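# Coordinates in review
Next come the chains, spelled out residue by residue.
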Amino acid sequence: MITNGERRHRSSTRRSVMPFKRKSFSTVGIVGFGAFGALVARHLAPHCRVLAFDLQPRDPEGLPVIFCDLPTVARSDVLVLAVPVSALADTIRALRPHLQPGMIVIDVGSVKIEPVRIMREELPPFVEIIGTHPLFGPQSAKDGVAGHRIAWCPVRGRSAGRIAAFLRRVLELDVIRTTPDVHDREMAVVQGLTHLIAKVLVRMEPLPSRMATRSFDLILQATNMVRHDAPGVYEAIERANPHAAAVRERFFALADEVRGALDEQAELAPPLAAAAY
């Protein structure tokens, strides 16, 4: 016989536990099969069935990926949204009628405050949400993802720990748990300045290479890692990150100070003595 107290306890337990917890993640769907979507597929295909959807289907390049319509991809255990931040809301609205209880939706955007807000507002309550930012791309991870970092922002649900463990143990990623605001504050400097400097250097080409120093080689390597990123990546880093503008202004202000100091030193320095022959 079940007492009233036992009934209350069982009812409380049912409410506190997410009712649609999956025991396994056998299918991953990728929405947006650009260069980064293909990178995700390459590393997940050995471990699960990978489905993909893109408005402009591309060559899977020998990857064991099954291209499907949007409703089919939306029924995956885990759904990776590899679309520009500007397209995220519309993408979720198209997916929403087909999403299944207990599934996990993950975004991979370069900023986190805005995507997390959109996912919270647009995804149904029976869907788990994780905001992520892989701190690598097709260029920097061309030799593999092991040792690379990924920012990890659990938003809703109970499966984030299990998936993070897979990323650590199987893919050997360095999973950094953070919040959307902390992420965007740091990325405004880390990515914002990297892409800003790269944009300037690309416009200064051709740049010397025959007698380049090691430090200059490293600067060129960093530039080449980001120069071919999709336009939406740069737009998200510089426009969708609410902390980026302040970092840009500080950078330009300090650059002006350095230039002013050089001009001042030039005015105060004595003229160079003529070379004696």
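Residues numbered from 1 in each chain as written. Predicted model: local features only at pLDDT ≥ 70, side-chain atom pairs only at ≥ 80, totals over all residues. Heavy atoms only, no water.

### Digging into the overall build of the chain
Our working rule: A run of DSSP states H or I qualifies as a helix once it reaches four residues; a run of E qualifies as a strand once it reaches two. Both are numbered from the N-terminal end. Contacts were defined at the residue level, with two residues in contact if any of their heavy atoms lie within 4.5 Å. For accessible areas, the Shrake-Rupley method is used with a probe of radius 1.4 Å. Any residue's cover is judged against the shown protein chains and nothing else.
Helices and strands together make up the secondary structure of the chain, namely ten helices and eight strands. Sequence separation of 24 or more characterises 66% of the internal contacts of the chain that already satisfy a separation of 6 or more. Carbon and sulfur atoms provide 56% of the accessible area of the chain, an area that totals close to 16600 Å².

### Description of the packing of helix α4 (residues 85-95) against helix α5 (residues 113-122)
Applied cut-off: With axes taken as lines fitted to C-alpha atoms, and helix axes fitted only over the stretch in contact, angles between N-to-C directions fall between 0 and 180 degrees. Oblique is the label for any angle not under 35 degrees, not over 145, and not in the 65 to 115 range, which are roughly parallel, roughly antiparallel and roughly perpendicular in turn. Crossing handedness: left-handed means the near helix sits turned counterclockwise from the far one by under a right angle, and right-handed means the same turn made clockwise. Just so you know the grouping, Ala, Val, Leu, Ile, Met, Phe, Trp, Tyr, Cys and Pro go in nonpolar, Asp, Glu, Lys and Arg go in charged, and all remaining residues, Gly too, go in polar.
The contact between α4 and α5 brings their axes to 10 Å, and the two run at 10 degrees. Here α5 runs roughly parallel to α4, going by the angle between their axes. Along this stretch, α4 crosses α5, giving a crossing that reads as right-handed. Side by side, α4 and α5 meet where Val 85, Leu 88, Ala 89, Ile 92 and Arg 93 of the first sit next to Glu 114, Pro 115, Ile 118, Met 119 and Glu 122 of the second. Residues of the contact of α4 with α5, tallied by class, amount to seven nonpolar, no polar and three charged.

### Notes on the sheet that holds strand β1 (residues 27-31)
Heads up, the condition is: Here, strands pair whenever DSSP counts at least two bridges between them.
Spatially, eight strands are ordered β3-β2-β1-β4-β5-β6-β7-β8 in an open sheet, and the strand pairing comes out mixed. Here the strands that pair on one side only, and so sit at the sheet edges, are β3 (65-67) and β8 (174-177). Across the sheet, the mean angle separating the axes of adjacent strands is 25 degrees when strand polarity is ignored. Judged from the three bridges that link them, strand β2 (residues 49-53) and β3 form a sheet pairing that is parallel. What sits directly across from Leu 51, in β3, is Ile 66. Across the sheet, α5 is in contact with β5 (104-107), β6 (128-134) and β7 (149-156); its angle to β6 comes to roughly 165 degrees.

### Observations concerning the environment of Ala 165
Heads up, the condition is: Only protein chains enter the accessibility calculation, which uses a 1.4 Å probe; a residue is then buried when its area is under 20% of its type maximum, exposed when over 50%, and partly exposed in between.
Looking at the element boundaries, Ala 165 is found in helix α6 (residues 160-169). Look at Ala 165 and you get buried, because its relative accessible area is 17%. Considering only alpha carbons, one finds Ala 165 and Val 175, ten residues apart in sequence, at a separation of 8.7 Å.

### Describing the nonpolar core
Worth spelling out the cut-off: Each nonpolar core is a collection of buried residues, namely Ala, Val, Leu, Ile, Met, Phe, Trp, Tyr and Cys, held together in the definition by side-chain atoms within 4.5 Å.
Ranked by size, the top nonpolar core spans 34 residues in total, and within it Ile 30, Val 50 and Trp 152 carry the most contacts. The set of elements that each furnish at least two residues to this core consists of β1, α2 (35-44), β2, β4 (78-81), β5, β7 and α6. Of the residues forming this core, the biggest block, six residues, is contributed by α2. Beyond its immediate chain neighbours, meaning those up to four positions away, Ile 30 contacts Gly 37, Val 40, Ala 41, Val 50, Leu 51, Ala 52, Phe 53, Val 73, Val 80 and Ala 82.

### Description of the pairing of β5
For clarity, the cut-off: The handedness rule is simple: strands pointing away from the viewer, and a clockwise path from the first strand over the helix to the second, make the crossover right-handed.
Where burial is concerned, the two faces of β5 agree: the one with Ile 104 and Ile 106 and the one with Val 105 and Asp 107 are both buried. Of the pairings in the sheet, the one linking β4 to β5 comprises four bridges and is parallel in character. Across the sheet, the residue bridging to Val 80 is Ile 106, located in β5. In this view, the connection linking β4 to its parallel neighbour β5 by way of α4 has right-handed handedness.

### Quick word on helix α8 (residues 214-226)
Formally: Here, expected helix span is obtained from the residue count minus one, scaled by 1.5 Å. Arc, as used here, means the arc of the directions from the helix axis to the C-beta atoms.
The end-to-end C-alpha separation of α8 is 19 Å, in line with the 18 Å expected for 13 residues at 1.5 Å each. Among all positions of α8, only Leu 220, Thr 223 and Val 226 are buried. Along the axis of α8, the buried residues cluster in a sector spanning 130 degrees; they form a single face. Of the surrounding elements, those touching the buried residues of α8 are α7 (180-203).

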